[in-house]
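Summary of structural features
Letter by letter, the chains look like this.
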Amino acid sequence: YMTKDEPYVRAAMTGTHEFSLIVEGQKKNFSVSITNEQIDVMSQPMGTVNSLLFGDNGKYSAIAGDVMRNNLLIFDAGFKTLDTFFIHANQLESQGTNPNLGMYRVLSEARAKIRDDFGIEVSIPMMQTVLRTGKVTVNDAFTLTSREYPVDKYIENATIMVADEALDSIKDYIFEIK
């Protein structure tokens, strides 16, 4: 995603941006010019490292020394990917993106089991409602009735399966971490 998205991120941020803030009835106008050279597009795990090292004020954080002295494994599960970032002896040793170990995979596995057990297709967007309610609705076209079924076991089993695969993918790094 970095290679594909970087030009778009840079294009969106480069240029002069004008905006106003209104606080307690007071309006203040801002004009900010950003050049391409001022932009550093980085992977999300590197952003996590920077957040650990620096506070909101741009100064080193209270834990920066510990972060830099120890080995560090960032394990960042997102919607479609699992990003890993391993710093060993204060050097970036490896980084990777697994496109098969994010939340999308968890939802896909749960959807497949729901389909097998209830014969219904639940789209990824519809899974948001299923997650919120904890139930799936099954409509019977013959009796014109609907029944709701809990889905917690489907979500839990899919989560455990994908989490086990994710943890297995980093097992070689675990013993390097202090």
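Residues numbered from 1 in each chain as written. Predicted model: local features only at pLDDT ≥ 70, side-chain atom pairs only at ≥ 80, totals over all residues. Heavy atoms only, no water.

What follows deals with the overall build of the protein chain. Looking only at helices and strands, the protein chain has seven helices and seven strands in total. Helices (α) and strands (β) of the protein chain occur, in sequence order from the N terminus, as α-β-β-α-α-β-β-β-α-α-β-β-α-α. Taken against the 2.2 N^0.38 rule, which gives 16 Å for 178 residues, the C-alpha radius of gyration of the protein chain at 23 Å runs more than 25% over that of a compact globule. Projected onto the principal axes, the alpha-carbon positions of the protein chain cover approximately 65 × 55 × 35 Å. In the protein chain, which comprises 178 residues, the proportion classed as buried is 25%. (Helix = DSSP H or I, 4+ residues; strand = E, 2+ residues; numbered from the N terminus. Rg over C-alpha atoms; globule rule 2.2 N^0.38 Å. Buried < 20%, exposed > 50% of the residue type's maximum accessible area, 1.4 Å probe, protein only.)

Before going further, it helps to examine the environment of glutamate 93. Residue position: glutamate 93 is located in strand 5 (residues 91–98). Each C-alpha atom, one on glutamate 93 and one on serine 146, is 54 Å from the other, the two residues being 53 residues apart in sequence. Look past the residues within four positions of glutamate 93 in its chain and what remains in contact with it is Phe86, Ile87 and His88. (Contact = heavy atoms within 4.5 Å.)

All right, on to the sheet that holds strand 5 then. Taking strand neighbours across the sheet as the criterion, the three strands line up as 3-4-5 in an open arrangement whose pairing is antiparallel. Among the strands making up the open sheet, the edge pair consists of strand 3 (72–77) and strand 5. The sheet shows a mean angle of 10° between the axes of neighbouring strands, taken without regard to direction. Alignment of strand 4 (residues 82–88) against strand 5, held across seven bridges, turns out to be antiparallel. (Pairing = 2+ DSSP bridges. Axes fitted to C-alpha atoms, helices over the stretch in contact; angles between N-to-C directions.)

Positive phi, close to 50°, is recorded for glutamate 24, a residue that is not glycine. Inspection of the secondary structure assignment puts glutamate 24 in the loop between strand 1 (15–23) and strand 2 (26–34). We note that asparagine 90 has phi near 65°; this positive angle belongs to a residue other than glycine. Within the secondary structure layout, asparagine 90 lies in the loop between strand 4 and strand 5.

Little of strand 7 (residues 145–150) is tucked away, with zero of its six residues classed as buried. The pairing of strand 6 (residues 135–140) with strand 7 spans six bridges and is classified as antiparallel. Bridging across to strand 7, threonine 137 finds its partner in glutamate 148. Counting the residues between successive antiparallel strands, the hairpin from strand 6 to strand 7 contains four residues, one of them, leucine 144, with a positive phi of roughly 55°.

Once that is clear, we can look at the packing of helix 4 (residues 103–118) against helix 6 (residues 152–169). Their axes nearest at 8 Å, the elements helix 4 and helix 6 cross at an angle of 140°. Accordingly, the angle class assigned to the pair helix 4 and helix 6 is oblique. Crossing hand, helix 4 versus helix 6: right-handed. Packed against helix 4, whose contacting residues are Arg105, Val106, Glu109, Ala110, Lys113, Ile114, Asp117 and Phe118, the element helix 6 presents Tyr154, Ile155, Ala158, Thr159, Met161, Val162 and Glu165 at the interface. (Parallel < 35°, antiparallel > 145°, perpendicular 65-115°, else oblique. Left-handed = near helix turned anticlockwise from the far one by under 90°.)

Next up on the list: a nonpolar patch on the surface. A cluster of nonpolar side chains, namely Phe19, Leu21, Val23 and Val32, defines an oily patch on the protein surface of about 340 Å² accessible area. A per-element tally of the nonpolar patch places strand 1 first, with three residues. What makes valine 32 partly exposed here is its relative accessible area of 34%. (Patch = residues over 30% accessible without salt bridge, like charges linked within 9 Å, V, L, I, M, F, W, Y side chains within 5 Å. Areas by Shrake-Rupley, 256 points an atom, 1.4 Å probe, with all protein chains shown as cover. Salt bridge = Lys/Arg side-chain N within 4 Å of Asp/Glu carboxyl O.)

This part takes up the environment of glutamine 44. The topology assignment puts glutamine 44 in helix 2 (residues 44–53). By relative accessible area, which is 49% here, glutamine 44 ends up partly exposed. Residues glutamine 44 and threonine 84 lie 40 residues apart in sequence; the distance between their C-alpha atoms is 9.5 Å.

Two aromatic rings are characterised by how far apart their centres lie and by the angle between their planes. Inspection of every chain in the model, using the stated rule, returns five aromatic pairs. One aromatic cluster is present, formed by Phe118, Tyr149 and Tyr154 through successive ring pairs. In this structure, lysine 80 is placed above the aromatic ring of tyrosine 104, and the distance from its NZ or CZ to the ring centre is 4.9 Å. (Phe/Tyr/Trp six-rings, centres within 6.5 Å; stacked < 30°, edge-to-face > 60°. Lys NZ or Arg CZ within 6 Å of the ring centre and 35° of its normal.)

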